[in-house]
Amino acid sequence: MQTRMIAGVARLVLAASVFVGMTTAQAQSTDRTDEYRAEIASIEHFNEVQREADMPVMDIPTYEAWLKTKQEAEAIAVVSSDASAAPSGPTKQERMRQWLNEGIHATGKRPSSLQDVHNERRDRLWAMSAHLLKAREAEMAEARAWVKQAGLAEYGKTEDGVVMGLVGLQDGLPRYNITYNVVAADTISVDELWPGGSSGLSITGSNTLMGIWDGGDVLTNHTEFVAGATTRMTDKDGISPLPIDWHPTAVAGTMAAGGSVSSAKGMAFKAAVWAYDWYYDLDIEMNSAYANDVRVSNHSYGQQAGWGTITLTGPIVTNCWWGDLAISGAESHYFGRYDSYCTNVDAIAYGNPRSLTVWAAGNDRDDSAPPAGSQYVTFTNGTPIWSTASRPHDYAKSGYDTITDRGLAKNVLTIGAVYKIVGGYGGTGTVNMSAFSGWGPTDDGRIKPDVAAAGVGLFTPVRHPGLPSATNYYTTNAVGTSFSSPSAAGAVGLLVDLRTRLAPQHPFLSSTLKGLLIHTADEAASIGPDYRTGWGLVNADKAANLVQGDHDTGGKQFIKEVTLVNGDYIEFAVTATGGVPLKVTIGWPDPAGAAQPLQLNPTNLVLVNDLDLRVVSASGTTNLPWILNPASPSNSATKGDNYRDNVEQVVVTNATASEQFIVRVTHKGTLVDDTGQPASQDLSIVLSGIVPETRSELAIVEADFSSGSELILWPSVVGQNYRVQTAVDLLEQVWTNTSAEISATKTNTAWESGITPDGELQFYRLIETN
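For clarity, every value in this text was computed on a predicted model and none was experimentally measured.

1. A short note on the overall build of the protein chain
In step 1: Secondary structure summary: the protein chain contains 12 helices and 39 strands in total.
In step 2: The burial tally for the protein chain puts 58% of its 770 residues in the buried class.
In step 3: Surface accessibility of the protein chain: about 28800 Å² in total, with carbon and sulfur atoms responsible for 52%.
In step 4: Averaging the locations of the 54 positively and 84 negatively charged side chains of the protein chain gives two centres separated by 2 Å.

In structure tokens:
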């Protein structure tokens, strides 16, 4: 792991060191030149090592200065050990302990590192994946037997090219995935990031590995994916039961087509892509891909709800109302419900916190009932039946509550679809919502979709339906959230590429990537979030420039990744630039919630760890985050306590230049992990409209060893991770991690060992680990 060390700490701590076995007579000795020479020899050797590494060196004090500081420290030690000395006001130890941070701990409260905690969670996820795989195989065998007995087919394709495939049996009913097509770059400002774009960043995706799961195989040798003698598109799971199809090829092209035909250029046009079909996505494949550095994946499919189709043996495609009459005949219970599929994808995202899952919002909002009197298939108590009874259109609730399946999960980035904007965004009046894109809220009132992107009339490579060997065929009218989703995924791929260029050993958390797109989104429908376009229209240009700006000003200025320990809180000051809103967005990978009850519109909250963002002005005014009211989904956003979402945003629209604010993040209840045990919580903070902070040099500024423990204090940067290290001999330069990895939550940090010093001379230093 790349670290940054601080030289000079040994001198500072030596000056305050307490030799526990030293007597008062020793402290009063006037001739200590031998002791002085020994320490100076160690410091000089240390400086030699530092110079070779091009690191700062320590000042060498004169004998008089060294003796003075040594005697002062020893005198303090004697006074502090005198029980009769009654302190007035807070003691030094009390002042230091107000900044205590116990650091990151793994299972069993073992001092650890962030990577160790992530590895533990991934190990548990692998165990869950093995269980899911075994359960999936049993479930699929049962599902195949069920549909065979019912006279239904396992696979199907509608006249307009929608692919269907049986993927399981849930709550007694067969579940089919369908692709989210209906019969770009300019819109979401991706083109500004490419070579020649106005940003000057020249990002291509060449350092990014992306994943795609879809309904069939990608035509991997399409001209748009071939680079020289190889292809950037790799089929990772072999030949699919579903054929090579135009839909996965078109989705992959939207993400990463090379631009052989310029108008078909994908968002991350030089990225490598691993391609899979959808059959074992949640069971093992996504976990495996994420473990192998797939940083973003796209999923332009989902399960049917309300009006759709089903394939009978024959094959005959007929209308179907996807719901259960025993639960409700007036509305499909699948809309808005956080089910076991959502639980599983949230568990995968939580266990792989540096890979972002992007999911299409679906196209159910314009689905209509067939003409009165038409026959269709539906279900009652898990039994398929034919019916001619009247059922409402899917958009009966003014279009709201029309998202289903994994697009409802907390930790994914769910994408809605709007029309292309030629020439780019020009205000809310230039954003036109598509007729089909699914709208929220979720049944527990969370904001979905998260953001929107172009999903109508895209030009992209496809497989020719009549000429399967053709490798240079395109469509001019790819339509659906199937294509807005890979547009956004490709934009995320460019952010991954930029981060890899700037800090290759420290990839962003998925919550940071998600937070960047939400924070920088252009207003699409109204001020603040809404249940139609979420937080707005993706603006990849703004997001990338925020990443670059953060790097150029020293890092962790506008983008902070913090590990919040249970019982702690985050607090730091910011100064407004003025002229633009001061905006703060937080997001976190939340442990998977329990699946909601099998009923219509359950309102059980699925948020596990509830964090709270507040921005407080110098006058004491507390600015609250945006909230929406699911009972009145068309209403504009207001301000209040958000207890539903794992994303919160505060905007101070009228912040003036040089105005001071405190950013504070607290939590309700107990923070837990995927096992339900108390744990730390990863958190991303994105800021804009603030002046970059001035930072102190990394140094230990106070140390105390007189209270039966080692206590050290230093000025810290929120989001910076540190470790305290010790050595007993600077000549040997053997440094040992003494503390757990500490993620700074405030602008001062203190560490305490809880161990009585043993009297041996020790040197202390800090290292930065992220």
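Having put the structure on the table, let's press on.
2. Section: the pattern of salt bridges
In step 1: Following the criterion strictly, the structure yields 29 salt bridges and no others.
In step 2: Across the pair Asp641 and Arg614 runs a salt bridge whose closest N-O atoms are separated by 3.3 Å. A residue pair is termed long-range when its members are at least 10 positions apart, and Asp641 in the loop between β29 (638–639) and β30 (647–652) and Arg614 in strand β26 (residues 611–617) qualify at 27 residues.
In step 3: When its relative accessible area of 18% is taken as the criterion, Arg614 is described as buried.
In step 4: The network of salt bridges with shared partners includes Asp610, Asp612, Arg614, Asp641 and Lys668.

3. Section: the packing of aromatic side chains
In step 1: Counted under the stated rule, the structure contains 15 aromatic pairs.
In step 2: With centroids separated by 5.3 Å and ring planes inclined at 35°, the aromatic side chains of Trp322 and Phe379 adopt a geometry described as tilted. Linking Trp322 in strand β15 (residues 316–322) with Phe379 in strand β17 (residues 376–380), this pair joins segments that are 57 residues apart in sequence.
In step 3: In this structure Trp322 comes out as buried when scored by relative accessible area, which is 1%.
In step 4: With a relative accessible area of 0%, Phe379 lands in the buried category.
In step 5: Counting every residue linked through ring pairs, the aromatic cluster contains Trp146, Tyr176, Trp322 and Phe379.
In step 6: Over the aromatic face of Trp321 sits the side chain of Arg391, whose NZ or CZ is 5.7 Å from the ring centroid.

4. Observations concerning the side chain of Arg644
In step 1: Residue position: Arg644 is located in the loop between β29 and β30.
In step 2: Here Arg644 sits buried without a salt bridge, and the closest side chain of opposite charge, Asp645, lies 6.2 Å off (N-O distance).
In step 3: A polar contact is formed between the side chain of Arg644 and the backbone oxygen of Asp444, at a distance of 2.8 Å.
In step 4: Other than its neighbours up to four places away in sequence, Arg644 contacts Asp444, Gly445, Arg446, Leu605, Leu607, Leu628 and Pro630.

5. Quick look at the pairing of strand β32 (residues 681–688)
In step 1: The element β32 is largely enclosed, with a buried count of eight among its eight residues.
In step 2: Alternating residues of β32 divide into Gln681, Leu683, Ile685 and Leu687 and Asp682, Ser684, Val686 and Ser688, and every residue in both groups is buried.
In step 3: Bridge count for strand β23 (residues 559–564) against β32 is six bridges, and the pairing is antiparallel. Within the sheet, the bridge partner assigned to Leu564 lies in β32 and is Gln681.
In step 4: By the bridge criterion, five bridges tie strand β25 (residues 582–587) to β32 in an arrangement that is antiparallel. Considered in β32, the bridge of Thr585 is made with Val686.

6. A closer look at the sheet that holds β25
In step 1: The strand order across the open sheet built from four strands is β23-β32-β25-β30, with neighbouring strands paired in antiparallel fashion. Edge strands, defined here as strands with exactly one partner in the open sheet, are β23 and β30. Strand-to-strand twist across the sheet, computed as the mean angle between neighbouring axes with direction ignored, equals 15°.

7. Structural notes on the sheet that holds strand β12 (residues 296–299)
In step 1: Spatially, seven strands are ordered β10-β11-β7-β12-β16-β19-β20 in an open sheet, and the strand pairing comes out parallel. Two strands lie at the open edges of the sheet, namely β10 (233–235) and β20 (451–456), each paired on one side alone. Taken pair by pair, the neighbouring strands of this sheet meet at an average axis angle of 30°, ignoring direction.
In step 2: Pairing geometry for strand β7 (residues 209–214) and β12, over four bridges, is parallel. Paired with Met210 across the two strands is Val296, which belongs to β12.
In step 3: Running over the sheet, helix α10 (residues 481–502) touches β7, β12, β16 (356–360), β19 (413–419) and β20 and is turned about 120° from β19.

What counts and how
Residues numbered from 1 in each chain as written. Predicted model: local features only at pLDDT ≥ 70, side-chain atom pairs only at ≥ 80, totals over all residues. Heavy atoms only, no water. Helix = DSSP H or I, 4+ residues; strand = E, 2+ residues; numbered from the N terminus. Buried < 20%, exposed > 50% of the residue type's maximum accessible area, 1.4 Å probe, protein only. Areas by Shrake-Rupley, 256 points an atom, 1.4 Å probe, with all protein chains shown as cover. Lys, Arg positive; Asp, Glu negative; His and termini not counted. Charge placed at Lys NZ, Arg CZ, Asp CG, Glu CD. Salt bridge = Lys/Arg side-chain N within 4 Å of Asp/Glu carboxyl O. Phe/Tyr/Trp six-rings, centres within 6.5 Å; stacked < 30°, edge-to-face > 60°. Lys NZ or Arg CZ within 6 Å of the ring centre and 35° of its normal. Polar contact = N/O pair within 3.5 Å; in protein donor to acceptor, adjacent residues only side chain to side chain. Contact = heavy atoms within 4.5 Å. Pairing = 2+ DSSP bridges. Axes fitted to C-alpha atoms, helices over the stretch in contact; angles between N-to-C directions.

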